[in-house]
Amino acid sequence: MNARVLDGEIINTRLDDVRAFEGVRTRRILAFVLDYLIVGLLSIPVAILVFFLGLLTLGLGWMLFGVLVPAVAILYIWNTLSSADQATTGMKMMGIRLDRLDGTRIDGLTAVVHSVLFWAGNVILSPLVLLVTLFSDRKRTLHDLLLGTVVSRTGR
């Protein structure tokens, strides 16, 4: 057993330590802004490729513009959240990571479903998705509760 005692409390994993969740909500919002700036920048070279593909296919390739940003975002999320760091570039910059409550690593499919549920929640509830963090344990959002994940600080 890997338990340690902190202020009289027995802590089995780093997710049991309440300090791992201090400031997570604010850091998560800032990481979101940074990540979608990055997705926007990554979309520029892909858009140029789609433009030339459209020229080569006499305009048929330009239909890809409709799915360009979501496709880039999904590939970005898949590659970053399922990496060893379990964090996107924005999350790394803010010092947070996505963890599963059962202790296993985040796989690519879970990362993409997490992101899709976030966007679906935003479409239905607008920014009210963040209200759940005020009442849930460990400042978890609705899509975190559904998937059994939690966002925590990396340095704690």
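Use the structure listed above.
Visitor: Honestly, the overall build of the chain in this entry has me stumped. Any pointers?
Guide: The number of helices and strands found in the chain is six helices and four strands. For the chain, the succession of helices and strands along the chain, N to C, is β-β-α-α-α-β-α-α-α-β. Every one of the 156 residues in the chain was classed for burial, and the buried ones make up 35%. Across the chain, every contact between residues at least 6 apart in sequence was considered, and the portion connecting residues at least 24 apart equals 61%. Carbon together with sulfur atoms contributes 71% to the accessible area of the chain, which is approximately 9300 Å² in total.

Visitor: I tried to follow the pattern of salt bridges on my own but got confused; where do I start?
Guide: Side-chain pairs of opposite charge can arise where the charged atoms are in close proximity. By the definition in use, this model includes five salt bridges. Linking R28 and D144 is a salt bridge whose minimum nitrogen-to-oxygen distance equals 2.7 Å. Taken as a pair, R28 in helix 1 (residues 24–56) and D144 in helix 6 (residues 142–147) lie far apart in primary sequence, 116 residues in all. A relative accessible area of 16% means that R28 is categorised as buried. R97 is the partner of D99 in a salt bridge, and the nearest nitrogen-oxygen pair spans 2.8 Å. When its relative accessible area of 7% is taken as the criterion, D99 is described as buried. Classification of R97 as partly exposed rests on a relative accessible area of 21%.

Visitor: Sorry if this is basic, but what is going on with the packing of aromatic side chains here?
Guide: Each aromatic ring pair is characterised by the separation of its centres together with the angle its planes make. All told, the structure shown has seven aromatic pairs when counted by the stated rule. A centroid spacing of 5.1 Å and a plane angle of 45° characterise the contact between F32 and Y36, whose relative ring orientation is tilted. With F32 and Y36 both in helix 1, this residue pair falls four residues apart, about one helical turn. For F32, a relative accessible area of 29% translates into the label partly exposed. Taken together through their ring pairs, the aromatic side chains of F32, Y36, F118 and W119 make up a single cluster.

Visitor: What am I meant to see in the packing of helix 1 against helix 2 (residues 68–81) here?
Guide: Two numbers describe a pair of packed helices, the interaxial angle and the distance between the axes. Direction vectors running N to C along helix 1 and helix 2 enclose 125°, while the axes themselves pass 9 Å from each other. If you check the angle between helix 1 and helix 2, you find them oblique. Pair helix 1 / helix 2 crosses with right-handed handedness. Contact with helix 1, carried on its side by D35, Y36, I38, V39, L42, S43, V46, A47 and V50, involves L68, V69, V72, A73, Y76 and I77 of helix 2 and no other residues of that element. Residues of the contact of helix 1 with helix 2, tallied by class, amount to 13 nonpolar, one polar and one charged.

Visitor: What is the right way to read the packing of helix 2 against helix 4 (residues 108–125) from this model?
Guide: One can describe the packing of helix 2 onto helix 4 by two numbers: an axis separation of 8 Å at closest approach and a directional angle of 130°. One element, helix 2, and the other, helix 4, form an angle in the oblique class. As helix 2 packs across helix 4, the resulting crossing turns out to be right-handed. On helix 4, the residues that touch I74, I77, W78 and L81 of helix 2 are G108, L109, A111, V112 and S115. When its residues are assigned to classes, the contact of helix 2 with helix 4 shows seven nonpolar, two polar and no charged.

Visitor: Would you mind going over helix 4 with me for this structure?
Guide: Quick reminder: α-helices carry 3.6 residues per turn. Residues three or four places apart thus point the same way. Given a rise of 1.5 Å per residue, 18 residues ought to cover 26 Å, and the 25 Å separating the end C-alpha atoms of helix 4 matches this to within 8%. Turning to helix 4, its buried residues are G108, T110, A111, V112, H114, S115, F118, G121 and N122. Of the surrounding secondary structure, the elements contacted by the buried residues of helix 4 are helix 1, helix 2, strand 3 (96–100), helix 6 and strand 4 (149–153).

Reading guide: rules and limits
Residues numbered from 1 in each chain as written. Predicted model: local features only at pLDDT ≥ 70, side-chain atom pairs only at ≥ 80, totals over all residues. Heavy atoms only, no water. Helix = DSSP H or I, 4+ residues; strand = E, 2+ residues; numbered from the N terminus. Buried < 20%, exposed > 50% of the residue type's maximum accessible area, 1.4 Å probe, protein only. Contact = heavy atoms within 4.5 Å. Areas by Shrake-Rupley, 256 points an atom, 1.4 Å probe, with all protein chains shown as cover. Salt bridge = Lys/Arg side-chain N within 4 Å of Asp/Glu carboxyl O. Phe/Tyr/Trp six-rings, centres within 6.5 Å; stacked < 30°, edge-to-face > 60°. Axes fitted to C-alpha atoms, helices over the stretch in contact; angles between N-to-C directions. Parallel < 35°, antiparallel > 145°, perpendicular 65-115°, else oblique. Left-handed = near helix turned anticlockwise from the far one by under 90°. Nonpolar A, V, L, I, M, F, W, Y, C, P; charged D, E, K, R; others polar. Expected span 1.5 Å × (residues − 1).

In short, shape yes, function no, at least from these values alone.
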